[in-house]
Amino acid sequence: MTNSAAQNPHQPTLPPTGTGRVAERVVDEIRAYVDAKGLMIGDKLPPERVFMELFGVGRSSLREALRVLSTVGIIDVRHGDGMYVAGPADARTASPKAIFDATEQNALRNLVETRLGIELAAVTAATLRATDDDFVALQRMLDEQEQLLARDPDFTWEPLGFELAVVEISGNTWLYEVELMLREAWLSLSSGLRATVGRHEEWLTEHRAIVASMRSRNVTQAQRLVMAHLSLERFEEDLKSPATGSKSKSRRGTGR
């Protein structure tokens, strides 16, 4: 064992700062470690074995946490050289507006492509491991939306409500966090998507087809339906279309 302070057996273990699965706890603990040590961008982190001992976790859980931290820009994993601090430890809680500019060139394309990656992963996981009760709940949600649309002209279509429900039954909490951020980014852009007011039945029909494919455990079909549903061309067409209809219709049209 080296003389590194991080490996000192008398050094107190940092208390857990989060809850949930082991890897999620480790994400919070590494962030706390960076804060507690006053580490700056460019500072080198201890090797994996030190974190495994410090947090009492296995290699697979640690590496899962490191992948998340690398994805959100908190650490930089350099193969053969180690791990380095790449960003502030609170980067994971940054506002979606800080990472998404609705006025940037290709903003819609970038957002749709990001949603596609997350939602394909979610529908795949949900198809493979969601329970029959989960699918019943999804179906009930769609039934309720249909009833509300039929009787309430002021019903507000919840932005990405169906997609968030799918991510939730996938059991992947990190996908859920990213999808929440994408919803906020979508809201910052979707004020121009008012023309989708005419697409409520279209969206609902597509959502029902996705649920049916998941219930039959047909991963390939579910993926194809998600790809068709997230049509960039359709969203671009909506952005170019003038706003139509009443105020209540406009409210309903911003949700999807």
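Undergrad: Which parts of the structure should I look at to understand the overall build of the protein?
TA: Helix and strand content of the protein: twelve helices and two strands. Reading the helices (α) and strands (β) of the protein from amino to carboxyl end gives α-α-α-β-β-α-α-α-α-α-α-α-α-α. Every one of the 256 residues in the protein was classed for burial, and the buried ones make up 43%. Here the protein displays about 13400 Å² of accessible surface, and carbon together with sulfur accounts for 51% of that area.

Undergrad: Sorry, what's going on with the packing of helix α7 (residues 161-170) against helix α9 (residues 200-215) here?
TA: Each pair of packed helices gets described by two things: the angle between the helix axes and the distance between those axes. Two numbers describe how α7 lies on α9: the axes approach to 11 Å, and their chain directions differ by 15°. Considering their axes alone, α7 and α9 lie roughly parallel with respect to each other. The crossing of α7 and α9 is left-handed. Note on element contacts: α9 touches α7 through His207, Ile210, Val211 and Met214, opposite Phe162, Glu163 and Val166. Class assignment for the residues of the contact of α7 with α9 results in five nonpolar, one polar and one charged.

Undergrad: Can you help me understand the nonpolar core in this one?
TA: Most often, soluble globular proteins have nonpolar side chains that are buried together. Formed by 33 residues in total, the largest nonpolar core has its most connected members in Leu138, Phe162 and Met214. Mapped by element, the contributors of at least two residues to this core are α5 (107-129), α6 (132-151), α7, α8 (173-189), α9, α10 (219-229) and α11 (232-240). For this core, the element with the most residues is α5, which contributes seven residues.

Undergrad: Can you walk me through the packing of aromatic side chains in this structure?
TA: Within a pair of aromatic rings, the relevant descriptors are the distance that separates the centres and the angle that separates the planes. Applying the stated criterion to the full structure yields two aromatic pairs. On the basis of an interplanar angle of 85° and a centroid distance of 5.2 Å, the ring pair of tyrosine 33 and phenylalanine 51 is categorised as edge-to-face. A residue pair is termed long-range when its members are at least 10 positions apart, and tyrosine 33 in helix α1 (residues 22-37) and phenylalanine 51 in helix α2 (residues 48-55) qualify at 18 residues. By relative accessible area, which is 4% here, tyrosine 33 ends up buried. Each ring, one from phenylalanine 51 and one from phenylalanine 55, has its centre 5.5 Å from the other, and the planes form 5°; the classification is stacked. Linking phenylalanine 51 with phenylalanine 55, this pair stays in helix α2, spanning four residues, or about one helical turn. Taken as a pair, phenylalanine 51 and phenylalanine 55 share a single burial class, namely buried. Here a set of aromatic residues connected by ring pairs shows up, and it is made of Tyr33, Phe51 and Phe55. Against the face of tyrosine 84 rests arginine 78, its NZ or CZ located 3.9 Å from the ring centre. In this arrangement the basic side chain of arginine 115 is found over the ring face of tryptophan 186, its NZ or CZ atom lying 4.8 Å from the centre.

Undergrad: Help me out: how do you make sense of the environment of glutamate 206 in this one?
TA: Mapped onto the secondary structure, glutamate 206 falls in helix α9. Put simply, glutamate 206 and valine 226 are 20 residues apart on the chain and 8.4 Å apart in space, counted from C-alpha to C-alpha. The residues touching glutamate 206, leaving out its near neighbours within four places in the chain, are His229 and Arg234.

Undergrad: Hey, could you run me through empty space enclosed by the protein in this one?
TA: Think of a ball as big as a water molecule: rolled over the atoms, this probe shows where empty space is left. By the definition in use, this model includes one cavity of 30 Å³ or more. The computed volume of the largest cavity comes to approximately 100 Å³. As for the largest cavity, its lining consists of eleven residues, of which Glu119, Phe162, Glu163, Val166 and Val226 are closest to the centre. Among the secondary structure elements, those contributing two or more residues to the lining of the largest cavity are α5, α7 and α10. The element that contributes the greatest number of residues to the lining of the largest cavity is α7, accounting for four residues.

Undergrad: Before we go on, may I ask you to explain the packing of α1 against α2 in this structure?
TA: In the contact formed by α1 and α2, the axes pass within 11 Å of each other and the chain directions differ by 105°. Between α1 and α2, the interaxial angle falls into the category roughly perpendicular. Contacts between α1 and α2 involve Arg25, Val26, Glu29, Ile30 and Tyr33 from the first element and Phe51, Leu54 and Phe55 from the second. By residue class, the composition of the contact of α1 with α2 is six nonpolar, no polar and two charged.

Undergrad: Which parts of the structure should I look at to understand α6?
TA: In this model α6 runs 29 Å from its N-terminal to its C-terminal C-alpha over 20 residues, within 8% of the 28 Å that 1.5 Å per residue would give. Inspection of α6 places Phe135, Leu138, Met141, Leu142, Gln145 and Leu149 among the buried residues, and these make up the whole buried set. Viewed end-on, α6 has its buried residues packed into an arc of 115°, placing them on one side of the element. Relative to its buried face, α6 has exposed residues pointing more than 90 degrees away, namely Asp132, Asp133, Ala150 and Arg151.

Scoring rules and cut-offs
Residues numbered from 1 in each chain as written. Predicted model: local features only at pLDDT ≥ 70, side-chain atom pairs only at ≥ 80, totals over all residues. Heavy atoms only, no water. Helix = DSSP H or I, 4+ residues; strand = E, 2+ residues; numbered from the N terminus. Buried < 20%, exposed > 50% of the residue type's maximum accessible area, 1.4 Å probe, protein only. Areas by Shrake-Rupley, 256 points an atom, 1.4 Å probe, with all protein chains shown as cover. Axes fitted to C-alpha atoms, helices over the stretch in contact; angles between N-to-C directions. Parallel < 35°, antiparallel > 145°, perpendicular 65-115°, else oblique. Left-handed = near helix turned anticlockwise from the far one by under 90°. Contact = heavy atoms within 4.5 Å. Nonpolar A, V, L, I, M, F, W, Y, C, P; charged D, E, K, R; others polar. Core = buried A, V, L, I, M, F, W, Y, C linked by side-chain atoms within 4.5 Å. Phe/Tyr/Trp six-rings, centres within 6.5 Å; stacked < 30°, edge-to-face > 60°. Lys NZ or Arg CZ within 6 Å of the ring centre and 35° of its normal. 1 Å grid on protein atoms, 1.4 Å probe; cavity = no way out; pocket = protein on both sides within 12 Å on 5 of 7 lines; lining within 4 Å. Points joined across faces, edges and corners; volume = space filled by probe spheres on them. Expected span 1.5 Å × (residues − 1). Arc of directions from axis to C-beta.

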